[in-house]
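# Structural description and commentary
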Amino acid sequence: ADPRNLIHVITHGLPEQKLANGEVMQSMPGFDGVLTNQQLADLVNYTRTEWGGQPASVSVADVN
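A brief look at the structure comes next. Numbering of residues begins from 1 in every chain and follows the order in which that chain's sequence is written. It should be noted that, the model being predicted, local features are given only for residues of pLDDT at least 70 and side-chain atom pairs only at 80 or more, the latter also being counted only at that level, while totals for whole chains, interfaces and linings use all residues. With hydrogens and water set aside, each side-chain value is computed from the structure's full complement of heavy atoms.

Turning to the pattern of salt bridges, a few remarks are in order. By definition, a salt bridge exists where a carboxyl oxygen of Asp or Glu is found within 4 Å of a side-chain nitrogen of Lys or Arg. Counting across every chain of the model gives two salt bridges. Between Lys18 and Glu16 there is a salt bridge; the shortest N-O distance is 3.3 Å.

Written out as structure tokens, the structure reads:
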């Protein structure tokens, strides 16, 4: 329900992850400086509503 983790992941990315059976999840680049705060809020809201079952309640102020 708290959007802070999603905002952090989109902004700063994720390192490569080692998974079971020797599989590897590729790293995800961060988008800090690439997306405006409005674009980031829009993306977080889209992700939360489409895949998280959460309301689209993240504002630009939340991203700041």
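Structure's up, so let's keep going.
Okay, the environment of Val34 next. The secondary structure listing takes helices from DSSP runs of H or I that are at least 4 residues long and strands from runs of E that are at least 2 residues long, numbered from the N terminus. Relative to the helices and strands, Val34 is located in the loop between β2 (24–25) and α2 (37–51). Given the relative accessible area of 56%, Val34 is considered exposed. Note: C-alpha distance between Val34 and Asn5 (29 residues apart in sequence) is 18 Å. Here's how the labels work: a residue is buried when its accessible area is under 20% of the maximum for its type, exposed when over 50%, partly exposed in between, all with a 1.4 Å probe on protein chains only.

What follows concerns helix α1 (residues 4–12). For α1, the set of buried residues is Ile7, Val9, Ile10 and Thr11. Considering only its buried residues, α1 is in contact with α2 and α3 (60–63). The positive-phi residue at the C-terminal boundary of α1 is Gly13, with phi of around 80°. Residues are treated as being in contact if the distance between any of their heavy atoms lies within 4.5 Å.

Attention now moves to the nonpolar core. Nonpolar side chains tend toward joint burial in soluble globular proteins. Counting residues in each nonpolar core, the largest one holds seven residues, listed as Ile7, Ile10, Leu40, Ala41, Val44, Val58 and Val63. Elements with a minimum of two residues in this core: α1 and α2. The residues touching Ile7, leaving out its near neighbours within four places in the chain, are Leu40, Val44, Val58, Asp62 and Val63. Throughout this description, the term nonpolar core refers to a set of buried Ala, Val, Leu, Ile, Met, Phe, Trp, Tyr and Cys residues connected via side-chain atoms within 4.5 Å.

The next point concerns α2. Residue count minus one, scaled by 1.5 Å, sets the expected span of a helix. Over its 15 residues, α2 extends 21 Å from the first C-alpha to the last, a length consistent with the 21 Å expected when each residue adds 1.5 Å. All buried positions along α2 are accounted for by Leu40, Ala41, Val44, Asn45 and Arg48. All buried residues of α2 project into a common sector of 130° when viewed along the axis, lining one side. If you follow the buried residues of α2, they end up packed against α1 and α3. In the stretch just after α2, Gly53 is the one whose phi turns positive, near 65°. An arc is given here, and it is the one of the directions from the helix axis to the C-beta atoms.

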